[in-house]
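Chains, contacts and geometry: an overview
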Amino acid sequence: GDSVTQMEGPVTLSEEAFLTINCTYTATGYPSLFWYVQYPGEGLQLLLKATKADDKGSNKGFEATYRKETTSFHLEKGSVQVSDSAVYFCAHRTYGATNKLIFGTGTLLAVQP
Amino acid sequence: DAGVTQSPTHLIKTRGQHVTLRCSPISGHKSVSWYQQVLGQGPQFIFQYYEKEERGRGNFPDRFSARQFPNYSSELNVNALLLGDSALYLCASSLVGEQFFGPGTRLTVL
């Protein structure tokens with residue numbers, strides 16, 4: 001069935017370090033791919049998205065490229081900040097009668113000053 | 001602009017009780033979806049409603065039910081609460097495609 005697998009955390013980095021959070025998916029059809037971020041005590045915020053193969057989503061210095069051949073959508077940032085500390089969720093959505101999102105288990109990122 | 005709002009923010013219930021959670025979508029959004037997020041896990045899809053009709057249901061027991069009102073707001077009802085129902089319940093609204101999430105209702109079942 002459809003699923004999302006992302007690297008387990010926590011990921012602990014020093015400020016200004018390079019970030020990669022791996023995400024792979026299985027899906028029927030051609031899904032749209034998303035990264036959501038959840039700050040402590042809050043709901044989900046859309047960070048970036050890509051709707052077709054080779055698209056690159058970007059926002060706030062974060063990037064992810066839709067790789068159809070490897071069914072991946074890895075999240076990267078060149079220089080993390082303490083304020084980036086949060087839980088990051090990879091998700092996909094396959095259009096059909098139900099417009100539902102399928103999420104990974106989340107990756108906790110902790111950035112230390 | 002007002003985002004998705006949910007009430008209450010927090011709720012404590014005991015096993016066997018019933019609970020109703022409420023969601024108001026972004027103005028103009030006709031679709032509402034509900035997700036359950038157990039601590040340490042990603043959100044799991046429960047229901048989607050569009051124009052007051054159920055469009056999809058996740059793998060949840062019949063104790064879970066929902067409805068959407070003419071103003072597009074929605075309620076999620078859970079009967080005969082179990083300890084395992086303790087979670088953050090998220091509501092998302094959408095117009096076309098992208099879903100916008102509310103802050104969630106934290107339900108604790110004792």
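For the structure itself, consult the block above.
This write-up is about the structure you can find in this document. These numbers come from a predicted model, not from an experiment.

1. Some thoughts on the state of the cysteines
This model, assessed by the stated rule, comprises two disulfides over all chains. Between cysteine 23 of chain A and cysteine 90 of chain A runs a disulfide, and the two sulfur atoms are separated by 1.9 Å. Disulfide cysteine 23 of chain A to cysteine 90 of chain A: torsion about the S-S bond roughly -70°, handedness left-handed. Of this pair, cysteine 23 of chain A sits in strand E4 (residues 23-26) while cysteine 90 of chain A is found in strand E10 (residues 86-93), placing the two residues 67 residues apart along the sequence. According to the relative accessible area criterion, cysteine 90 of chain A is buried, its value standing at 1%. The disulfide partner of cysteine 23 of chain B is cysteine 91 of chain B, and the S-S distance across this bridge is 1.8 Å. Between cysteine 23 of chain B and cysteine 91 of chain B the disulfide shows an S-S torsion of about -65°. By sign, it is left-handed. Separated by 68 residues along the polypeptide, cysteine 23 of chain B in strand E3 (residues 19-24) and cysteine 91 of chain B in strand E9 (residues 87-94) bring together distant segments of the chain.

2. Focus on the pairing of strand E2 (residues 11-14) of chain A
All names here are of chain A. Burial of the side chains of E2 is restricted to one face: Val11 and Leu13 are buried, whereas none of Thr12 and Ser14 on the reverse face is. As paired strands, E2 and strand E12 (residues 107-112) are joined by four bridges and run parallel to one another. Residue pairing for E12: valine 11 is matched across the bridge by leucine 109.

3. What to know about the pairing of E9 of chain B
All names here are of chain B. In terms of burial, E9 is a largely internal element, eight of the eight residues being buried. Neither face of E9 is open: one carries Ala87, Tyr89, Cys91 and Ser93, the other Leu88, Leu90, Ala92 and Ser94, and all of them are buried. Here seven bridges tie strand E4 (residues 31-37) to E9, and the two strands are oriented antiparallel to one another. Paired with valine 32 across the bridge in E9 is serine 93.

4. Considering the sheet that holds strand E3 (residues 19-21) of chain A
Residues and elements named next belong to chain A. Reading across the sheet, the four strands line up as E3-E9-E8-E7 and stay open at both edges, with antiparallel pairing between neighbours. Looking at strand neighbours, the two that pair on one side only are E3 and strand E7 (56-59), the edges of this open sheet. Here the strands of the sheet are splayed against their neighbours by 15° on average, with no regard to which way each runs. Pairing geometry for E3 and strand E9 (residues 75-77), over three bridges, is antiparallel. Bridging from a neighbouring strand, threonine 20 pairs with glutamate 76 of E9.

Basis of the calculations
- Residues numbered from 1 in each chain as written.
- Chains lettered and ligands numbered in written order.
- Predicted model: local features only at pLDDT ≥ 70, side-chain atom pairs only at ≥ 80, totals over all residues.
- Heavy atoms only, no water.
- Disulfide = S-S within 2.5 Å.
- Helix = DSSP H or I, 4+ residues; strand = E, 2+ residues; numbered from the N terminus.
- Buried < 20%, exposed > 50% of the residue type's maximum accessible area, 1.4 Å probe, protein only.
- Pairing = 2+ DSSP bridges.
- Axes fitted to C-alpha atoms, helices over the stretch in contact; angles between N-to-C directions.

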